[in-house]
Amino acid sequence: MKLSFSTTPSSEVPADWLILLLPEGFTLEGEPALLNQALGGLLERLRAQQDFQGKLGELCQIPAPAGIAAQRLLLAGLGPVETLSVRGLNRTLQTAARAITSRATRQVALSLRAVQSANIAPATLTQLAMTAFEIGSEGQDLFRAEKKRHPIEELIVLSPTDANPAELAAAATTGHILGEAVNLARRLVNLPAEEIYPESFALKAVELASGAGIHCEVLDQHALESEKMGSLLAVARGSDRPPRVVILEYRGAPGNGHKVLGLVGKGVTFDSGGLSLKPTDGMLTMKCDMAGAASVLASVVAIARLKLPVNVIGMVGLVENMTGGRAMKLGDVLHSRRGVSIEVQNTDAEGRLVLADVLDLALSRGVDYLVDLATLTGACVVALGEDVVGAMSNNQAWCDRVLGAAQAAGEDAWQLPMFDHYADLIKSDVADIRNVGGRWGGAITAAKFLERFVGDKPWVHLDIAGPAFAAADKPHREGGGTGVMVRTLVELARTM
Ligand code: BES
Ligand code: MN
Ligand code: ZN
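Nothing here was measured: the structure is a model prediction, and the numbers come from that model. (Residues numbered from 1 in each chain as written. Chains lettered and ligands numbered in written order. Predicted model: local features only at pLDDT ≥ 70, side-chain atom pairs only at ≥ 80, totals over all residues. Heavy atoms only, no water.)

1. Here's the deal with the coordination of the zinc ion (ligand 3)
Part 1: Protein coordination of the zinc ion (ligand 3) is provided by Lys266 (NZ), Asp271 (OD), Asp289 (OD) and Glu350 (OE), with donor distances spanning 2.0 to 2.4 Å.
Part 2: Coordination at the zinc ion (ligand 3) is octahedral: its 6 donor atoms span angles of 78 to 175° at the metal.
Part 3: In this structure, the zinc ion (ligand 3) is positioned 3.2 Å from the manganese ion (ligand 2), and both are ligated by Asp271. Residue Asp289 is found in the loop between α9 (280–283) and α10 (291–305), and its partner Glu350 is found in the loop between β12 (341–343) and α11 (351–364); the two are separated by 61 residues along the sequence. Neither Asp289 nor Glu350 differs from the other in exposure class; each is buried. (Donors = N, O, S within 2.8 Å, 3.2 Å for Na, K, Ca; no water. Tetrahedral: all angles 85-135°; square planar, octahedral: opposite > 155°, others 65-115°. Helix = DSSP H or I, 4+ residues; strand = E, 2+ residues; numbered from the N terminus. Buried < 20%, exposed > 50% of the residue type's maximum accessible area, 1.4 Å probe, protein only.)

2. A few points about the sheet that holds strand β4 (residues 72–77)
Part 1: Taken in spatial order, the 6 strands of this open sheet run β1-β6-β5-β2-β4-β3, and their pairing is mixed. The sheet is open, and its two borders are formed by β1 (2–6) and β3 (59–63), each paired with just one other strand. Each neighbouring strand pair of the sheet contributes to a mean axis angle of 20°, computed without reference to strand direction.
Part 2: The pairing of strand β2 (residues 17–22) with β4 spans 5 bridges and is parallel. Across the sheet, the residue bridging to Ile19 is Leu74, located in β4. (Pairing = 2+ DSSP bridges. Axes fitted to C-alpha atoms, helices over the stretch in contact; angles between N-to-C directions.)

3. Topic: the site of ligand 1
Part 1: Not every one of the 15 residues close to ligand 1 is listed here, only the nearest: Lys278, Asp289, Asp348, Glu350 and Gly378.
Part 2: Residue Lys266 places a side-chain N or O atom 3.2 Å away from an oxygen atom belonging to ligand 1.
Part 3: Interatomic distance of 2.8 Å between a side-chain N/O atom of Lys278 and an oxygen atom of ligand 1.
Part 4: Relative to its free-state accessible area of 510 Å², ligand 1 is covered by the protein chains to the extent of 76%.
Part 5: The pocket occupied by ligand 1, as judged from atoms lying within 2 Å of grid points, is the largest pocket.
Part 6: Split into classes, the residues belonging to the shell around ligand 1 amount to 4 nonpolar, 4 polar and 7 charged. (Near = heavy atom within 4 Å. Polar contact = N/O pair within 3.5 Å; in protein donor to acceptor, adjacent residues only side chain to side chain. Areas by Shrake-Rupley, 256 points an atom, 1.4 Å probe, with all protein chains shown as cover. 1 Å grid on protein atoms, 1.4 Å probe; cavity = no way out; pocket = protein on both sides within 12 Å on 5 of 7 lines; lining within 4 Å. Sits in = over half its atoms within 2 Å of the grid points. Nonpolar A, V, L, I, M, F, W, Y, C, P; charged D, E, K, R; others polar.)

4. Here we look at the coordination of the manganese ion (ligand 2)
Around a metal, the perfect tetrahedron of four donors has angles of 109.5 degrees, and the perfect octahedron of six donors has angles of 90 or 180 degrees.
Part 1: Distances from the manganese ion (ligand 2) to its protein donors, Asp271 (OD), Asp348 (O), Asp348 (OD) and Glu350 (OE), fall at 2.1 to 2.2 Å.
Part 2: Of note is the manganese ion (ligand 2), whose 6 donor atoms meet at the metal with angles of 70 to 168° in an arrangement that counts as irregular.
Part 3: As a motif over one chain, the donors of the manganese ion (ligand 2) read D-x76-D-x1-E.
Part 4: Take Asp271: its relative accessible area is 3%, and that puts it in the buried class.

Coordinates in, geometry out; function isn't part of it.
Structure below.
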C-alpha cells in the first residue's frame, strides 16, 4: 500500500472512497462543515435523522454522493472524544478498512481532520490508520481463487493543515512496518501445517532475518541433542518432521550496560495432542499452535526494521506434536536441559515441554528480561474468553511494564495470580514435576511449570490460546490468525 499526504479540502479529493472519522456528537465546524456544505447538508440530515451519530465502530456508507470528487463516502464513528483510546481507534479504523476492501479499490482518502482530541496526536492517528488499513486489506483466503479482501493501492491521508509533515511521514512508516509485521504473523498462522513445519518455519526465519539485519542461528536435531534438550526432543519424537530452534539476535544498543530483552515463542506447527489425541473439533485449528513463534518472529523483524535502540533475542521452539511409533508415552520421564525431570501424564500438554527447554536456553544466552508467548491452555480461554491474553509473572514490576505496553498498543491482556500453592499441583511421585496439574486452574499450573525454567529473571508468560486464532470474521477483524501481541512486543521494545 502506497501512502501520500494531502492538504486539499476533502470534498475536492478524487478517490474511490473518502473516509471521514467523526466522534460521537460531532459538531459541524471546520472540515465537517465544509464537507457538509459540499454535500448539500447531507451530514446534518444524517445526524438529525440519527442515521449516523458517530458511535464507536458505527459506519455509514454513501455510494455516489453528489457534490464531492470522491466516488463513495464512508463515515466512521469514534465514540465520545473524551474516552477515545488506542483500542477504540483500532477497532473503528479496522472496521472501516474491512468495509471497503471487500472489493478492489485504488485510492482511498482518509480524513483525520475532524478528530481533535487532547490524548491522540495526528501523528499517532496516522500511524494507527496505516497499520489498520494494512491489516484490514489482507484476508485468510490464501488459497481461494476468488479473494474476499483486496489490497488498497494508495492511502491518501488528509492531514490537519497544522500538522508537522515530517512527523506524519515517520509515523506512517512505523504504522506500515507494524501492519506488515502483524500480517506476517497472521499469514504464518494461516498457512497449513503441511507448509509450515519446523524446517520450513526455520527457513522462513532465516530469509526474513537476513533481509532485516538480524543475526539468525538455527539449531537442528543434532544441535538440540548436544544441548541436551530432552524435553523438547521428546515432543518432536512422535513426528517424522525433525524439530528446530531458531535464535534471532538483534543488537540495536551494542556496548556494555545494555540489557537484553528475551522473547520466546511456542512453535508447535501442528498439535494433534500426541497419544493423548485430540478429538476432531479440538484439533481442527491446531495449525495455529505456532502463533507464539509467529508473533515473536514478526516482532523481532519489526523491531529491527524500525531500528529501535534495544537488544533483543528472539527464540522459537519448533516441533510437530504427533503420534508416531516413537512418540512419547504417558509415564515417560523426560530430562530437561535444566536438569529438572518431568513425568509425562498427558502428551497434549506439550507446549510447556517445548518452552521449558527454550526458556532455559534463552537464560544461557544472556537475556535479562523474558516474555514468552504461547497458545498454551484451553483453560486460559475458559477463564478470560477468546479475545483476552492471560498474563502470568514472577515479577510484578516487569508484568506491569508488559501490561502497560499492551494497553498502549490497544491489545487486551489480563493478569492471573501465581500464588505459591499452585505449584503443589504439579508435584510428581516419580519425577521433580509432572506436566499437568489436574482439572482446575489449568492456565496457572501451566505457568507454574514454566516458572521452574526461568531462574530469577523477570519473566512474563502470555497465554494467547484464545486471541491467537479467530473462529469467525467480526466487523473489525478477519477470522483466522490475528498476529496477537506483535504490536505489544514492539511497543515494549520501544519503551526499553
Ligand atoms: N495447544 C493447546 C492449547 C490450545 C487450546 C490452544 C485451544 C488454542 C486453542 C495445548 O497444547 C493443549 O493441548 N493444552 C491442553 C493442556 C491440558 C492437557 C493440561 C488443554 O488446554 O486442554
Ligand atoms: Mn496440546
Ligand atoms: Zn499445543
